[in-house]
Amino acid sequence: MDGIGNNNEKAVKNDYSEFIQQAKTALGSNEEAIAFLRGLGLKDETIVRCNLGFHEGHIIVPYNGANTYYMKYAMDSSRANKAASGPAMDNSQGIDTFYNSGVLKNGGVIFVVESAFCALSIFQCGGRAIAINTSENVKILMSILEGKDNFDGIFILSLNNDPSSKANQKLFMDFLAQHEIPYIDENLAGDYLTPNEMLQNNPEGFLRVVGELKRRAQTLMDTQKKADNVKSYLESKLGKDMQYYIANKAKLTGYEELDKLSGGLQAGVYILGGLGSSGKTTFLNQMSDQIAQSGEQVLYFSMEQSILGLVSKSVAREAYLSGEEETLTSVQLRTGESAKFNIYLQKYYNRVSTNLSIIECEADFDIVALEEYVDKFIKKTQKCPVVVIDYYQAFEGNVSALRRLSRKYKVPILVAYGLPRKEYTQSTDLEKFSDVEYSADVIWVLQLKMLTEDIYERETEEKSRKKILDYEVRKSPRLMQLMCLKNRYGSRYSVEYEYFAQNDCFKEATAVVEELTESAGAAASYKNSQIPEWVLKNYQKSLNKE
């Protein structure tokens, strides 16, 4: 049988070589012990090949022929297939393992049973098996599999026919389904308690069933390896994928028009591009608050802003939306210049509850640390969060890795993306995102609305353009435009916002949907929604001031 793999390589291992050899010799001269093993349906060849032994009324089962662990089983047929009377290991060292775990190294078809004798029964019939006889071993097995990025195998699950075993089997099945590891759920014991009892009472039938299951599992595994095999996907994975996406519907951003046009946030990578001071951080910060308010979990990874800076932005926005402190800024809040600070803070606290987490990231924070954090969060909360990363440059070159992470955990990932300052006077197009265009699912750009106005586009002198834009930046509010330049999930669109920079607040103004038709080819036809009256009034005021 295969050699065992220890899940704690740093632990001190005992060497029982001499004891195991003595037990093996003792078994050879003990007819009662040999008869007991034969009574379990084991052949002499199996007994010898697996180095079984005898010591003081117990059968000694070395772990896969290794000399570091063994289990001892009482010579009592009523106990032979239940938990062992005790492992020969020092648990104070933190060592724990299960029988024949070495088969995991090579993958393939692996039976999962409960006792070493059941694993030996399958081995005798030409199969490979591991024995997990406690719920703790089930957890250890799951942790080992989590450490394998590409486990190349399939499990046949056949624990004992009793309630506790079925509970462990259900726990393991849920884990395998979540991690998309193929498995077959099969009662190898038939009407008996254990697979070994099935071997004892119907050896020919047991041999036939083990062989059939091996062939069935191998066929399923080979079929799933074919990338173009839709039949396998339709039969085995489509239903699970659909159930997952139904249960984890798109997350609404809280920006009403954006949600109508986008359908909400899907599992995928969203890039939000913009120049410095265009409001990217504020836009994502406000979106995070709104998502948290809806009851969804948000993980906000901040590479530059402190938690204090982001929270004070949110509280300043709360003060502005209350209509009481329209001129109060986040800086004034941080320096204690508002007598009503605690009131606004309580409102903000009630809004986001425990649904928003802000993580200040050190300079060495990378994709590995990000995945570890998301993985632990999902395991602890059993919830899939919206992940916000501010900003992309800290993960430069890793968009494909972010996309893999979003697919693995089925979470939306929003990334702030800084555009170079030299693009200040130009409307942004998809060429500015050449390094992320292929891997991103959705690309947004946040820019001044003036950049797309006819009056601005007709201006050819660079100095005059900068003067116009400098004036637009000083306005309060600034009229901004969120343009969708790429969308795997549907049409492109744009939404206009009023950006109150001093209050860290975005308000939606109007929306535009770009509909590409077959007759139009590369040309686009535009459908404009009705512009609200209050937007027109503000726009007229700005013209009168000029």
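Bear in mind the structure is a predicted one, so any value in this text is a computation, not a measurement. (Residues numbered from 1 in each chain as written. Predicted model: local features only at pLDDT ≥ 70, side-chain atom pairs only at ≥ 80, totals over all residues. Heavy atoms only, no water.)

**Q** Break down the overall build of the protein chain for me, citing the residues and quoting the values.
**A** Helix and strand counts for the protein chain stand at 20 helices and 18 strands. Counting across all 546 residues of the protein chain, residues that qualify as buried make up 48%. In the protein chain, the share of contacts with a sequence separation of at least 24, taken over all contacts with a separation of at least 6, comes to 68%. Accessible surface, the protein chain: about 26900 Å² in total, of which carbon and sulfur atoms supply 49%. (Helix = DSSP H or I, 4+ residues; strand = E, 2+ residues; numbered from the N terminus. Buried < 20%, exposed > 50% of the residue type's maximum accessible area, 1.4 Å probe, protein only. Contact = heavy atoms within 4.5 Å. Areas by Shrake-Rupley, 256 points an atom, 1.4 Å probe, with all protein chains shown as cover.)

**Q** Any details on empty space enclosed by the protein? Residues and values, ideally.
**A** Tallied over the entire structure, the rule returns one cavity of 30 Å³ or more. Of the volumes computed, that of the largest cavity is approximately 40 Å³. Forming the walls of the largest cavity are Ser262, Gly264, Gln266, Tyr270, Val442, Asn487, Tyr489 and Tyr493. For the lining of the largest cavity, the per-class residue count stands at four nonpolar, four polar and no charged. (1 Å grid on protein atoms, 1.4 Å probe; cavity = no way out; pocket = protein on both sides within 12 Å on 5 of 7 lines; lining within 4 Å. Points joined across faces, edges and corners; volume = space filled by probe spheres on them. Nonpolar A, V, L, I, M, F, W, Y, C, P; charged D, E, K, R; others polar.)

**Q** Could you give me a rundown of the pairing of strand 16 (residues 492-500), with the residues and numbers involved?
**A** Counting buried positions along strand 16 gives eight out of nine residues, so the element sits mostly inside the fold. Inspection of the sheet shows strand 15 (residues 478-487) paired to strand 16 by six bridges, in the antiparallel sense. Residue pairing for strand 16: Met483 is matched across the bridge by Ser494. The antiparallel hairpin formed by strand 15 and strand 16 contains four residues in its connecting segment, where Gly490 sits at a positive phi of about 160°. (Pairing = 2+ DSSP bridges.)

**Q** Report on the nonpolar core, specifying residues and quantitative values.
**A** Core analysis: the largest hydrophobic core is formed by 80 residues, its most contacted members being Phe283, Phe301, Leu370 and Trp444. When residues in this core are grouped by element, the largest group, six residues, is from strand 14 (residues 442-448). The next biggest cluster of nonpolar side chains, apart from the first, holds 42 residues, and it includes Ile34, Tyr63, Leu120 and Phe123. (Core = buried A, V, L, I, M, F, W, Y, C linked by side-chain atoms within 4.5 Å.)

**Q** An account of the environment of Arg488 is requested, with residue identities and associated values reported.
**A** Of note, Arg488 is situated in the loop between strand 15 and strand 16. Using a relative accessible area of 39% as the deciding quantity, one classes Arg488 as partly exposed. With 46 residues separating them in the primary sequence, Arg488 and Val442 have C-alpha atoms 6.3 Å apart. Residue contacts for Arg488: discarding those within four places in its chain leaves Arg403, Tyr438, Ser439, Ala440 and Asp441. At 2.8 Å, the side chain of Arg488 and the side chain of Asp441 are in polar contact. (Polar contact = N/O pair within 3.5 Å; in protein donor to acceptor, adjacent residues only side chain to side chain.)

**Q** Describe the packing of helix 5 (residues 135-146) against helix 6 (residues 163-178), listing the residues and the values that go with them.
**A** Contact pair helix 5 / helix 6: the axes reach a minimum separation of 10 Å and the direction vectors enclose 10°. With respect to each other, helix 5 and helix 6 are oriented roughly parallel. Only Asn168, Leu171, Phe172, Phe175 and Leu176 of helix 6 make contact with helix 5, whose side of the interface consists of Ser135, Val138, Leu141, Met142, Leu145 and Glu146. (Axes fitted to C-alpha atoms, helices over the stretch in contact; angles between N-to-C directions. Parallel < 35°, antiparallel > 145°, perpendicular 65-115°, else oblique.)

**Q** Lay out helix 12 (residues 280-293) in plain terms, naming residues and giving numbers.
**A** Compared with the 20 Å implied by 1.5 Å per residue over 14 residues, the 20 Å span of helix 12 between its first and last C-alpha is a close match. Helix 12 sits mainly inside the fold: 13 of its 14 residues count as buried. Two residues or fewer past helix 12, Gly295 is found with a positive phi of approximately 105°. (Expected span 1.5 Å × (residues − 1).)

**Q** Any chance you could break down the pairing of strand 9 (residues 268-274) for me, citing the residues and the numbers?
**A** Where burial is concerned, most of strand 9 is hidden: seven out of the seven residues are buried. The alternating pattern of strand 9 places Gly268, Tyr270, Leu272 and Gly274 on one face and Val269, Ile271 and Gly273 on the opposite face, and all of these are buried. Bridge analysis of strand 9 against strand 13 (residues 412-418) gives seven bridges, and the strand direction is parallel. Its bridge partner lying in strand 13, Tyr270 is registered against Leu414. The pairing of strand 9 with strand 14 spans four bridges and is classified as parallel. Within strand 14, the position partnered with Gly273 by the bridge is Val445.

**Q** If you had to explain the sheet that holds strand 5 (residues 108-113) to someone new, which residues and values would you point to?
**A** Pairing is parallel in the open sheet, where four strands are placed in the order 6-5-7-8. The outermost strands of the open sheet, each flanked by one partner alone, are strand 6 (129-131) and strand 8 (183-185). With direction set aside, neighbouring strand axes in the sheet form an average angle of 20°. As defined by bridge partners, strand 5 adjoins strand 7 (residues 153-157) across five bridges and the pair is classed as parallel. Bridging across to strand 7, Phe111 finds its partner in Ile156. Each of strand 5, strand 7 and strand 8 touches helix 6; the most contacted strand, strand 7, lies at about 155° to it.

**Q** Can you break down a negative patch on the surface residue by residue, with the values?
**A** A contiguous patch of negative charge, built from Glu360, Glu362, Asp364, Asp366 and Glu372, is present on the exposed surface. Take Glu362: it is sitting in the loop between strand 11 (356-360) and helix 16 (367-381). According to the relative accessible area criterion, Glu362 is exposed, its value standing at 59%. (Patch = residues over 30% accessible without salt bridge, like charges linked within 9 Å, V, L, I, M, F, W, Y side chains within 5 Å. Salt bridge = Lys/Arg side-chain N within 4 Å of Asp/Glu carboxyl O. Lys, Arg positive; Asp, Glu negative; His and termini not counted. Charge placed at Lys NZ, Arg CZ, Asp CG, Glu CD.)

**Q** If you had to explain the pattern of salt bridges to someone new, which residues and values would you point to?
**A** Pairs can form between side chains of opposite charge once their charged atoms are near each other. Summed over the entire model, instances satisfying the criterion amount to 21 salt bridges. Linking Glu186 and Arg216 is a salt bridge whose minimum nitrogen-to-oxygen distance equals 3.4 Å. Pair noted here: Glu186 is in the loop between strand 8 and helix 7 (195-201) and Arg216 is in helix 8 (residues 203-225), with a separation of 30 residues, a long-range link. Connected through salt bridges with shared partners, the residues Arg403, Arg407, Asp441 and Arg488 form a single ionic network.

**Q** Give me the confidence of the model for the protein chain: which residues, what numbers.
**A** In this model, the protein chain carries an average pLDDT of 80, and 79% of its residues clear a pLDDT of 70 or more. Confidence drops under a pLDDT of 50 for residues 1-12, and excluding neighbours within four residues, the segment shows 38 contacts in the predicted structure. (pLDDT = per-residue confidence, 0-100.)

**Q** Can you break down the side chain of Thr46 residue by residue, with the values?
**A** Assignment of secondary structure puts Thr46 in helix 3 (residues 44-49). Setting aside residues no more than four positions away along its own chain, Thr46 makes contact with Leu120, Phe123 and Gln124.

**Q** Which residues make up the packing of helix 16 against helix 17 (residues 399-409), and what are the values?
**A** For the pair helix 16 and helix 17, the least separation of the axes is 11 Å and the interaxial angle reads 10°. Accordingly, the angle class assigned to the pair helix 16 and helix 17 is roughly parallel. Contacts from Ile367, Leu370, Glu371, Val374, Asp375 and Ile378 in helix 16 reach Ala401, Leu402, Arg404, Leu405, Lys408 and Tyr409 in helix 17. Residue classes in the contact of helix 16 with helix 17 are distributed as eight nonpolar, no polar and four charged.

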